[in-house]
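Survey of secondary and tertiary structure
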Amino acid sequence: MSDHIHRGFRPRNLDLPILDGTLHADLLPPAVAQEVSAALRNHRDPYVGVTTDGTPIGGLYHLEDTGLSHRKVLDAASAYLETLEQHQLLSARLPMDSPEWRLWTNAFPVWTHQGLRLDRVEPRQRDAVLALVEASLSPDGYAAVRNAMKLNGALGEFVRRYSDSLGEYTYHFTLFGEPSADTPWGWQLAGHHVDLHCVFVGSQLVLAPVFLGAEPTRAGDHGPYAGVSAFERETDGGLAMRRSLTGAQEERFLLGDSLRTADLPPELAGPNGRHVSGAGQDNLVLRPEGISGQELTRDQRRQLLELADVYINRLPDGHAEHKRRRFLDHLDDTTFAWRGGHDDTSAFYYRVHSPVLLIEYDNHAGIFLDNDEAERFHVHTITREPNGNDYGKDLLAQHYARFHG
């Protein structure tokens, strides 16, 4: 990996207590152990969702017939299941109502992961998993996932350690429920820098929560991952939105003009960086911060929609259009917040907070590279469906009330 990719920073001298992809939290400093074990502590708590005050806003998500077919996805799911041996089914599948939906982390798990690990199954089984993921997403969405996976492999090759976690296929795939056009079902793909949750309810599709990241965001010019890159549109779209705003508007959206540790509140300078809605935060109470869509000019509103589209367009076409309409319905009540610089090199954080879509983008300090301050080449992104519809929970409740009540 070329030095210019990451401004000359080198692998950090890091000695993590990882064995077979599992992080042993009892061997970590208490504060770090507390952060990385959030999902394990919280995943069985009664689900509420991300809210502004602890109570979800009702009536935001509607069970309906979109007229969209999931035939391609169902065929891919059937093809995947046909590759499995009987003993593999014990870990490859879980009930639809399993609490393990919410047991995921962008870091290394402190628990034994569910599902099948893609680097430990036959190539035809791994290919079948990837075909199912591809069928569930748009081309842009699938490319974003695969590039993040490949960059995880490139990171492993660069640091030459933790090959049981830093690899292109060191990810676990779990199928929930029974793939069907009528009965809800879904899947989870989870591992370092890639955590996706895809739920099918009739002809509807929910893709949330989604965590995608990379350190660094571009591989070098040689080797199996030469030229692979990610998050250009997420980065450029955020900068375009920030640069469309005026100095007179800064007091409404600017949380701070630097991501340097000395300039941040202590709670925003830790391993999690600035993002607040990551693993273990399914019931986060997050008050809106930033400038509202109602306060934006027409061009700024268009810029905000273009930024949201970068994330919305990870969904297949018809589902993306449906989500975009819901986002537009609530544009006046959507806020945009920014922290950091907006020149060509400064690290930054932004948040788009709609009643029906939460987006976070953050530049991080090095974990495996030795940069102690946040840099553009380490990116984390998170999307959620606030007010109770992560993991499709709101739609699932409506489905079960209507058809199984």
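Every value quoted in this text rests on a predicted model; they were computed, and no experiment measured them.

1. A few points about the overall build of the protein chain
Along its length, the protein chain carries eleven helices and 14 strands. Its C-alpha radius of gyration of 20 Å places the protein chain within 12% of the 22 Å reference for a compact globule of 405 residues. Each principal axis of the C-alpha distribution contributes one length, and for the protein chain these read about 55 × 50 × 40 Å. Residue burial in the protein chain is summarised as follows: out of 405 residues, 59% are buried. Relative to all contacts within the protein chain whose residues are 6 or more apart in sequence, the contacts with residues 24 or more apart total 72%. Counting every atom, the protein chain has about 17000 Å² of accessible surface; 49% of that belongs to carbon and sulfur.

2. Comments concerning the packing of helix α9 (residues 298–312) against helix α10 (residues 317–329)
A packed helix pair is summarised by two numbers, namely the angle formed by the two axes and the spacing between the axes. Relative orientation of the contacting elements α9 and α10 amounts to 145°, with a least axis distance of 10 Å. Relative to α10, α9 is oriented so that their crossing is right-handed. On α10, the residues touching Leu305, Ala308, Asp309 and Ile312 of α9 are Ala320, Lys323, Arg324, Phe327 and Leu328.

3. A short note on unusual backbone geometry
Excluding glycine, residues mostly carry a negative phi; peptide bonds, for their part, are mostly trans. Note that the residue after Ala208, namely Pro209, is joined by a cis bond; omega there is 0°. Position of Pro209 among the secondary structure elements: in strand β8 (residues 204–214). With omega at -10°, the peptide bond leading from Glu215 into Pro216 counts as cis. Along the chain, Pro216 falls in the loop between β8 and α7 (232–244). With phi around 70°, Phe231 is a residue other than glycine that occupies positive phi space. Relative to the elements of secondary structure, Phe231 occurs in the loop between β8 and α7. The residue Tyr391 is not glycine, and still its phi comes out positive at about 60°. Tracing the sequence through the fold places Tyr391 in the loop between β14 (379–384) and α11 (393–403).

4. Observations concerning the packing of aromatic side chains
This structure, assessed with the given rule, holds 16 aromatic pairs. Ring geometry for Tyr47 versus Tyr391: centroids 6.3 Å apart, planes at 80°, classification edge-to-face. Of this pair, Tyr47 sits in the loop between α2 (38–42) and α3 (71–82) while Tyr391 sits in the loop between β14 and α11, and the two are 344 residues apart along the sequence. Ring plane angle 20° and centroid distance 6.3 Å describe the contact between Phe348 and Tyr350, whose orientation is recorded as stacked. On the basis of relative accessible area, Phe348 is assigned to the buried category, the value being 0%.

5. Examining the side chain of His330
Along the polypeptide, His330 turns up in the loop between α10 and β11 (335–340). His330 has contacts with Leu60, Ser354, Pro355 and Val356, leaving out every residue within four places of it along the chain.

6. Overview of the environment of Thr383
In this fold, Thr383 is placed in strand β14. Looking at Thr383, the relative accessible area reads 7%, which means it is buried. Not counting chain neighbours up to four residues away, the residues in contact with Thr383 comprise Ala208, Pro209, Val210, Tyr311, Arg314, Leu358 and Ile359.

7. Notes on the side chain of Arg274
Looking at the secondary structure, you find Arg274 in the loop between β9 (254–256) and β10 (291–292). When its relative accessible area of 6% is taken as the criterion, Arg274 is described as buried. In this structure, Arg274 is in contact with Leu259, Leu264, Leu268, Ala269, Arg339, Tyr349, Glu360, Asp362, Asn363, His364 and Ala374, ignoring residues within four places of it in sequence.

8. A few points about the pattern of salt bridges
Under the definition given, this model contains 26 salt bridges. Residue Arg274 pairs with Asp362 through a salt bridge whose shortest N-O separation is 3.1 Å. Of this pair, Arg274 sits in the loop between β9 and β10 while Asp362 sits in strand β13 (residues 357–363); the two residues are 88 residues apart in sequence, bridging distant segments of the chain. You'll find Arg274 and Asp362 in the same group, each marked buried. Asp309 is paired through a salt bridge with Arg324; the nearest N and O atoms lie 2.6 Å apart.

9. A few points about α7
With 13 residues, α7 should cover 18 Å at 1.5 Å per step; its first-to-last C-alpha distance of 18 Å lies within 8% of that length. Buried within α7 we find Glu234, Thr235, Gly237, Gly238, Leu239, Met241 and Arg242. Elements in contact with the buried residues of α7: α8 (250–253), α9, β11, β12 (348–354), β13 and β14.

10. Quick word on the pairing of strand β5 (residues 172–177)
If a strand is regular, its side chains alternate between the two faces of the sheet. Burial within β5 is extensive, with six of its six residues counted as buried. Across two bridges, strand β3 (residues 93–94) lies against β5 in parallel orientation. Paired with Arg93 across the bridge in β5 is Leu175. The pairing of strand β4 (residues 116–117) with β5 spans two bridges and is classified as antiparallel. Across the sheet, the residue bridging to Arg117 is His172, located in β5.

11. Describing the pairing of β14
Among the six residues of β14, six are classified as buried, and the element is accordingly described as predominantly covered. What you see with β14 is no split at all: Val379, Thr381 and Thr383 on one side and His380, Ile382 and Arg384 on the other are buried throughout. Pairing geometry for β8 and β14, over five bridges, is antiparallel. Across the sheet, the residue bridging to Val210 is Thr383, located in β14.

Criteria and thresholds
Each chain has its residues counted from 1, following the order in which its sequence is written. The predicted nature of this model means local features are confined to residues of pLDDT at least 70 and side-chain atom pairs, given and counted, to a pLDDT of 80 or more, with totals for whole chains, interfaces and linings taken over all residues. Hydrogens and water molecules were not included; the side-chain quantities draw on all heavy atoms of the structure. In this text, helices come from DSSP runs of H or I with a minimum length of four residues, and strands from runs of E with a minimum of two, each type numbered from the N-terminal end. Computation of the radius of gyration draws on C-alpha atoms, with the globule rule given as 2.2 Å multiplied by the number of residues to the power 0.38. Three labels apply to residues, based on accessible area from a 1.4 Å probe with only protein chains included: buried if under 20% of the type maximum, exposed if over 50%, partly exposed otherwise in between. Any pair of residues with heavy atoms lying within 4.5 Å of one another is described as a contacting pair. For the area figures, the Shrake-Rupley method with a 1.4 Å probe applies, and any residue is considered shielded solely by the protein chains shown. Fitting a line to C-alpha atoms yields each axis, with helices limited to the stretch in contact; the angle taken between N-to-C directions then spans 0 to 180 degrees. By definition, turning the near helix anticlockwise from the far helix through less than a right angle yields a left-handed crossing, and turning it clockwise yields a right-handed one. Planes of paired rings set the category: under 30 degrees apart is stacked, over 60 is edge-to-face and the rest tilted, where pairs are Phe, Tyr or Trp rings (Trp by its six-membered ring) whose centres lie within 6.5 Å. A carboxyl oxygen of Asp or Glu within 4 Å of a side-chain nitrogen of Lys or Arg is what we treat as a salt bridge. Multiplying one less than the number of residues by 1.5 Å gives the expected span of a helix. Only strands that DSSP links by at least two bridges are regarded as paired with each other.

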